[in-house]
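# Structural overview for review
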Amino acid sequence: MSGPSLTLGALAHEVRSKNAGPFWITFDVVFTTEDDYVKVVESGALSAASIAQRYAVDPALIRIFEMPSIRVIKFSFPRPCVAGSFEDRDLHAGQQHVPLLSLPIQ
Amino acid sequence: MEPLKAVAATGQLGTGFKRETLETAAAGARMIGCDAGSTDPGPYYLGAGKTQAADAAVGRDLELIIEKALEKNIPAMIGSAGTGGGTVHLNRTVDIVRSIAARRNWKFELATIDSEVAPETVAAAYRAQRLRPLAGAPELSEDRILGASRLVAMQGVEPFQHALKQGAQVVIAGRSSDVSIYAAVPLMEGIPPEIAYHAGKILECGAAAVEERSHPDCMTAYLSANEFVMDPPNPNMRCTPQSVAAHGMYENADPFYHVEPGGTLDITSAEYTPAGDRSVRVRPGVFTPADQLTLRLEGAELAGYRTAVVAGVRDPLVVRQIDDFLASTTKVIKGKVRESLGFEAEQYSFNWRVYGQNGSMGGLEPDPRVLGQEVGLVLDIVAPEQAAAAAIASVAWHTALHHPVPQYSGLVSNLAFPFSPPSLDAGPVYRFCINHVIEVDDALELAKIEFETL
């Protein structure tokens, strides 16, 4: 039986979401140690598929960037609705990162 | 050659900075700039012609910036005036500048750069196939362009440079690339574009590139031929290679490629190393000039008028069945709106937000259970006219307030309204309607530049 599974929320120092202009949303997953960063990158857990599943977005539209020099994984995709449109629930897209926290890292 | 010192007074005009910090920053500086606009707070400001920061806050920052620029005999450069960067926004900021200059008895050459573009100009470009959509762009049509409330073209460095070459000392621009505010002077002085644009990108947020920004404040950059140094003028603030590199990716979909009107900056190969205790040296990336000059267009269209209702629900029985309660009352409300007001459901937008359940994330909320004792309701109604939105809201709150709960008898008041009136008329609602670039043959083509001696 495998040990307790770790989550992205436990390994990352900070996970945040923000607008990148009114048409895109961007997420930064920040790690304090090299080990944590490498563990998550090598696990492949933060993938277009796992992001698409949580955000109901077409995986082909997701852009993922690994930034080892600052231990950050960034990903971005087109906003489901334009910032400030009346369907929008979060003008700055600052509270959309929570579904990532429970992402299991094996 | 001595490094060229560029100063950002703060990240957004009106958010403030310490007077002492600007004093330190301005010593030996070649320019002081500040970004005054953003799309961050949404389309309202562009669409309605309003400004986000209060005039007094903008005035306080402007007075200190211009005072320091005049003292040091260097340019003061403001971009994206008045949040939206359209003509009305620019004029409001320029009025503040004029009144300060009059009160302080200052004399200087002022240049204004108007970035607003007539819908017909954009429509003509559309017909000539000179518009290119950016990723995630809305569907455009000639009608949609002509129906926009306001359109602006994000200016690059050239209008700033032209204004300075004509003798202006204070330059107030409408919508412009925040990087170009800072890159304009260095480029004129022979600093390579990969340095000028990268430094500008970090400068434009003011003190945000430091490790822990306790309050908005100034930032400086020293630009040379092959590197630049970020140096926070506030002695209590510190840049680290991580804080500077991380800042470059903040609010950007792509952390490596950054498109400016004149070309693309690729910072994949940039290197960040400490320079002393609090500063960071940056070895630059690569700048590729564009084959075709393009300017990014921003625009807002009127989407309707909003009336909102805010209410708390605390009764545990109603909280427990909040979804059913709202579905049931909504059905009755829409029926009454059709009967009494003559509006069909398709003619207005009607949305409940349930805070304490999934208010911030809607359908993406991974755990939409109500775990607390209370929910906060926001009812958002948008209709083609304010009177219609208000009328629908009146029917809605009154109906929901007394909507029968199966387990209760008699007349209960289900909602706790904090306000009288319970509904708040919020005015016009706008939508960003364009995310395209326009091809131009001349970098000054869509800038209206005027000069004035104050």
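Fair warning: this is a prediction, and the values are worked out from it, not measured in the lab.

Residue and element names in this part refer to chain B. Met 77, Val 171, Leu 223 and Met 230 are the most contacted members of the largest nonpolar core, which has 55 residues in total. If near-sequence neighbours (up to four positions away) are discounted, Val 171 is found in contact with Ala 76, Met 77, Ile 78, Ala 111, Ile 113, Phe 160, Ala 163 and Leu 164. Leu 13, Ile 74, Ile 96 and Ile 172 belong to the second-largest nonpolar core, a separate cluster that totals 34 residues.

A few words on the pairing of strand E4 (residues 63-67) of chain A. Residues and elements named next belong to chain A. One ladder, built from five bridges, connects E4 with strand E5 (residues 72-78); its direction is antiparallel. By the bridge assignment, Glu 66 is partnered in E5 with Ile 73. Connecting E4 to the antiparallel partner E5 that follows it, the hairpin turn spans four residues, and Arg 71 within it adopts a positive phi of roughly 55 degrees.

Before going further, it helps to spend a moment on the layout of surface pockets. One number sums up the size of the second largest pocket: a volume of about 460 Å³. Contributing to the lining of the second largest pocket are 21 residues, with Gly 84, Ser 85 and Asp 88 of chain A together with Arg 306 and Asp 380 of chain B lying nearest its centre. When contributions to the lining of the second largest pocket are tallied by element, the ones reaching two or more residues are strand E15 (294-313), strand E16 (349-355), strand E17 (375-383) and strand E18 (423-434) of chain B. Tallying contributions element by element places E18 of chain B first for the lining of the second largest pocket, with four residues. For the lining of the second largest pocket, a count of residues per class yields 12 nonpolar, three polar and six charged.

Before going further, it helps to spend a moment on the interface of chain A and chain B. Counting from both sides, the interface comprises 35 residues of chain A and, opposite them, 40 residues of chain B. In total, chain A and chain B occlude about 3,100 Å² of area from one another, counting both sides; carbon and sulfur atoms represent 62% of this. Of all residues in chain A, the largest losses of buried area upon contact with chain B belong to Phe 23, Phe 86 and Arg 89 of chain A, amounting jointly to 28% of the total for that side. At the junction of chain A with chain B, the criterion picks out three salt bridges. Arg 63 of chain A is the partner of Asp 254 of chain B in a salt bridge, and the nearest nitrogen-oxygen pair spans 2.9 Å. Where chain A touches chain B, the interface holds 13 residue pairs in polar contact (both at pLDDT 80 or more). The set of elements that each furnish at least two residues to the side of chain A that touches chain B consists of strand E2 (14-19), strand E3 (24-30), helix H3 (48-55), E4 and E5 of chain A. With four residues, the single largest contributor to the side of chain A that touches chain B is E4 of chain A. Its residues assigned to classes, the side of chain A that touches chain B comprises 15 nonpolar, nine polar and 11 charged.

About the thresholds
Residues numbered from 1 in each chain as written. Chains lettered and ligands numbered in written order. Predicted model: local features only at pLDDT ≥ 70, side-chain atom pairs only at ≥ 80, totals over all residues. Heavy atoms only, no water. Core = buried A, V, L, I, M, F, W, Y, C linked by side-chain atoms within 4.5 Å. Buried < 20%, exposed > 50% of the residue type's maximum accessible area, 1.4 Å probe, protein only. Contact = heavy atoms within 4.5 Å. Pairing = 2+ DSSP bridges. Helix = DSSP H or I, 4+ residues; strand = E, 2+ residues; numbered from the N terminus. 1 Å grid on protein atoms, 1.4 Å probe; cavity = no way out; pocket = protein on both sides within 12 Å on 5 of 7 lines; lining within 4 Å. Points joined across faces, edges and corners; volume = space filled by probe spheres on them. Nonpolar A, V, L, I, M, F, W, Y, C, P; charged D, E, K, R; others polar. Buried area = accessible area lost by both parts, 1.4 Å probe. Salt bridge = Lys/Arg side-chain N within 4 Å of Asp/Glu carboxyl O. Polar contact = N/O pair within 3.5 Å; in protein donor to acceptor, adjacent residues only side chain to side chain.

In short, shape yes, function no, at least from these values alone.
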